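Residues per chain, in single letters:
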Amino acid sequence: MGRLSRRAFATAALSTLATTGSAAAETGPASRAAGRPREATEMRGVWLATVSNRDWPSRPGLTAAQQRTELIAHLDAAVRDRLNTVIFQVRPTADALWPSPYEPWSQYLTGTQGVAPGWDPLKTAVEEAHVRGLQLHAWFNPYRIANNTDVTKLVASHPARKHPNWVVPYGGKLYYNPGLPQVRAFVENAILDAVRKYPVDAVHFDDYFYPYPVAGQTFDDDAAYDTYGSAFPNRAAWRRANIDKLIRETATRIKTIRPGTRFGISPFGVWRNIATDPRGSDTRAGVQTYDDLCADTRKWVREGWIDYIVPQLYWNIGFAAADYAKLLPWWAEVARGTKTRLYAGEALYKAGDPAQPAAWQDPAELSRHLTLAARYPQVGGHVFFAAREVAVDPIGAMARVVADHYRQPAKPPR
């Protein structure tokens, strides 16, 4: 997901830890009783990232047996912490962690794009997750092709090499152009191949739609805009319509191919700041998904286009630019009265990181998030980034969450 590099505004700002009383008072039974009681069904998820070998495999080139052993260990860690859902990244960079007729095998498996690893990771992940009572959500990045701009590094059979007019270099990376209908159709087909082949519990998108802005650079979609954008008042409106089409079409096709499989999205946590839009959150974020990523995430929830949303609320309580305690109720209000379920995305990766604000050095920070969320009936659970931190838990933040909130198992939402 690249979450560690795209929060520059957040880590640069000053933060303060909200004064909310002692940890015992915040996480004890009396506090939970003040909010809604814990239900027998709630989302307790973890992202398992494969891009750049972030969580798994630990490095490219491991044997099939070694890869499988590591994957099973992540599933077992989820069970140990009484989680119930694993969100497994199976298309990190226009590639595949299953035998796909559309795209090459991922380089993060063997070290060489297009080389078969000798097994089927997605098939195994689905089977082994279900054996353990875990849901398996297949996580796809729609438009990212490569984390460099050298097309010749892609395997010769790669669709981006066959269709160079589909490709836009930007910010040191390669992307498919979301403004081309043929790109949208291809991306949907590549994703839905996995839905046809495997009983995944959900299709999951992360926060990358149009790319995060890079100062001094322009995403060159002039030709596509000239061809397809005449009906729109401006380029931004056309871009948002392109992403809307991807979401609506994908949602419809999932339900046709495998009824019961859900569709969820995990966007950057700020839709728009209130200074930009009175409907926005009381934040001063440097990125706004509506404006910068051309993703109208609030609309998708309100219109019921997606089954669940997991906004990445990757800031501590009291953080000046984007306060968790302000964003959570804002999203709860967005979800109120809709059929879209709301889960909170949690920055476990920040716990104990010396580069993060002081609040993240406290093992109880994440537990406070869950205590706060219990006050809002719209919040149906939490998803933690990411599996590597669940496994090693450097300062015991995840152990604190489990002790305070996950003492009993919970069924995953269906």
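Residues numbered from 1 in each chain as written. Predicted model: local features only at pLDDT ≥ 70, side-chain atom pairs only at ≥ 80, totals over all residues. Heavy atoms only, no water.

*Asks:* Please explain the overall build of the chain as it appears in this structure.
*Replies:* In terms of regular secondary structure, the chain is built from 16 helices and 11 strands. Its C-alpha atoms put the chain at 60 × 55 × 40 Å along the principal axes. Entry remark: accessible area of the chain is about 15,400 Å², with carbon and sulfur atoms responsible for 53%. Once the 50 positive and 40 negative side-chain charges of the chain are each reduced to a mean point, those two points are 3 Å apart. (Helix = DSSP H or I, 4+ residues; strand = E, 2+ residues; numbered from the N terminus. Areas by Shrake-Rupley, 256 points an atom, 1.4 Å probe, with all protein chains shown as cover. Lys, Arg positive; Asp, Glu negative; His and termini not counted. Charge placed at Lys NZ, Arg CZ, Asp CG, Glu CD.)

*Asks:* What is the right way to look at the sheet that holds strand 8 (residues 262-265) in this model?
*Replies:* For sheets, the rule is that strands pair by backbone hydrogen bonds, running either parallel or antiparallel. In spatial order, the strands read 1-2-3-7-8-9-10-11; together these eight strands close into a barrel with parallel pairing. In terms of strand pairing, strand 8 meets strand 9 (residues 308-309) through two bridges, oriented parallel. Directly across from Gly264, in strand 9, lies its bridge partner Tyr308. (Pairing = 2+ DSSP bridges.)

*Asks:* Help me out: how do you make sense of the pattern of salt bridges in this one?
*Replies:* Here the idea is simple: oppositely charged side chains can pair when their charged atoms come close. Summed over the entire model, instances satisfying the criterion amount to 26 salt bridges. Across the salt bridge formed by Asp277 and Arg272, the nearest N and O atoms sit 3.0 Å from each other. Take Asp277: its relative accessible area is 5%, and that puts it in the buried class. Relative accessible area serves as the criterion here: at 13%, Arg272 is assigned to the buried category. Two residues, Asp362 and Arg368, come together in a salt bridge whose shortest N-O distance is 2.9 Å. A single salt-bridge network, built from bridges that share partners, covers Arg54, Asp55, Arg388 and Glu389. (Salt bridge = Lys/Arg side-chain N within 4 Å of Asp/Glu carboxyl O. Buried < 20%, exposed > 50% of the residue type's maximum accessible area, 1.4 Å probe, protein only.)

*Asks:* It is not clear to me how the side chain of Asp277 should be interpreted in this structure. Could you clarify?
*Replies:* Within the element layout of this structure, Asp277 appears in the loop between strand 8 and helix 11 (289-293). A polar side-chain atom of Asp277 sits 2.8 Å from the main-chain amide nitrogen of Arg279. Beyond its immediate sequence surroundings of up to four residues, Asp277 is in contact with Trp271 and Arg272. (Polar contact = N/O pair within 3.5 Å; in protein donor to acceptor, adjacent residues only side chain to side chain. Contact = heavy atoms within 4.5 Å.)

*Asks:* Got a minute to help me understand the nonpolar core in this structure?
*Replies:* Across soluble globular proteins, you tend to see nonpolar side chains buried next to one another. Grouped together as the largest cluster of nonpolar side chains are 127 residues, with contacts concentrated most on Phe88, Leu122, Tyr176, Phe205 and Ile247. The leading source of residues in this core is helix 13 (residues 324-335), at eight residues. (Core = buried A, V, L, I, M, F, W, Y, C linked by side-chain atoms within 4.5 Å.)

*Asks:* Sorry, what's going on with the packing of aromatic side chains here?
*Replies:* Within a pair of aromatic rings, the relevant descriptors are the distance that separates the centres and the angle that separates the planes. Under the definition given, this model contains 25 aromatic pairs. An angle of 70° between the planes, with centres 5.5 Å apart, marks the rings of Tyr208 and Tyr212 as edge-to-face. Through a chain of ring-to-ring contacts, the aromatic side chains of Trp47, Tyr314, Tyr349 and Phe385 assemble into a single cluster. One Lys or Arg, Arg298, reaches over the ring of Trp271 and ends 5.5 Å from the middle of that ring. (Phe/Tyr/Trp six-rings, centres within 6.5 Å; stacked < 30°, edge-to-face > 60°. Lys NZ or Arg CZ within 6 Å of the ring centre and 35° of its normal.)

*Asks:* Sorry if this is basic, but what is going on with the packing of helix 14 (residues 365-373) against helix 16 (residues 397-405) here?
*Replies:* The angle between the axes and the distance between the axes are what describe a pair of packed helices. The interhelical angle for the contact between helix 14 and helix 16, taken along N-to-C directions, is 35°, at an axis separation of 8 Å. Two packed elements cross with a definite hand, and for helix 14 against helix 16 that hand is right-handed. Contacts from Leu366, Ser367, Leu370 and Thr371 of helix 14 reach helix 16 at Arg400, Val401, Asp404 and His405. Partitioning the contact of helix 14 with helix 16 into residue classes produces three nonpolar, three polar and two charged. (Axes fitted to C-alpha atoms, helices over the stretch in contact; angles between N-to-C directions. Left-handed = near helix turned anticlockwise from the far one by under 90°. Nonpolar A, V, L, I, M, F, W, Y, C, P; charged D, E, K, R; others polar.)

*Asks:* How should I be thinking about the sheet that holds strand 4 (residues 144-146) in this particular structure?
*Replies:* Spatial ordering of the open sheet is given by 4-6-5, a layout of three strands whose pairing is antiparallel. Of all the strands in the sheet, just strand 4 and strand 5 (167-170) have a single pairing partner and so form its edges. Taking each pair of neighbouring strands and ignoring which way they run, the sheet shows an average axis angle of 35°. Bridge count for strand 4 against strand 6 (residues 173-176) is two bridges, and the pairing is antiparallel. Counted as the bridge partner of Arg144 is Tyr175 from strand 6.

*Asks:* Please explain helix 10 (residues 235-257) as it appears in this structure.
*Replies:* Each α-helix winds once per 3.6 residues, and so residues spaced three or four apart point in a common direction. With 23 residues, helix 10 should cover 33 Å at 1.5 Å per step; its first-to-last C-alpha distance of 33 Å lies within 8% of that length. With a side-chain oxygen positioned 3.2 Å from the backbone nitrogen of Ala236, the residue opening helix 10 is Asn234. (Expected span 1.5 Å × (residues − 1).)

*Asks:* I'm lost on the environment of Trp98 in this one. Help?
*Replies:* By the secondary structure assignment, Trp98 is in the loop between strand 2 (85-91) and helix 5 (107-110). Trp98 sits 58 residues away from Ala156 along the chain, and the two C-alpha atoms are 19 Å apart.

*Asks:* What am I meant to see in the environment of Pro412 here?
*Replies:* Within the secondary structure layout, Pro412 lies in the segment after helix 16. The spatial distance from the C-alpha of Pro412 to the C-alpha of Val379 is 14 Å, given a sequence separation of 33 residues. In this structure Pro412 touches Thr41, Glu42, Asn84, Thr85 and Gln135, once residues within four positions along its chain are discounted.

These figures capture arrangement, not role.
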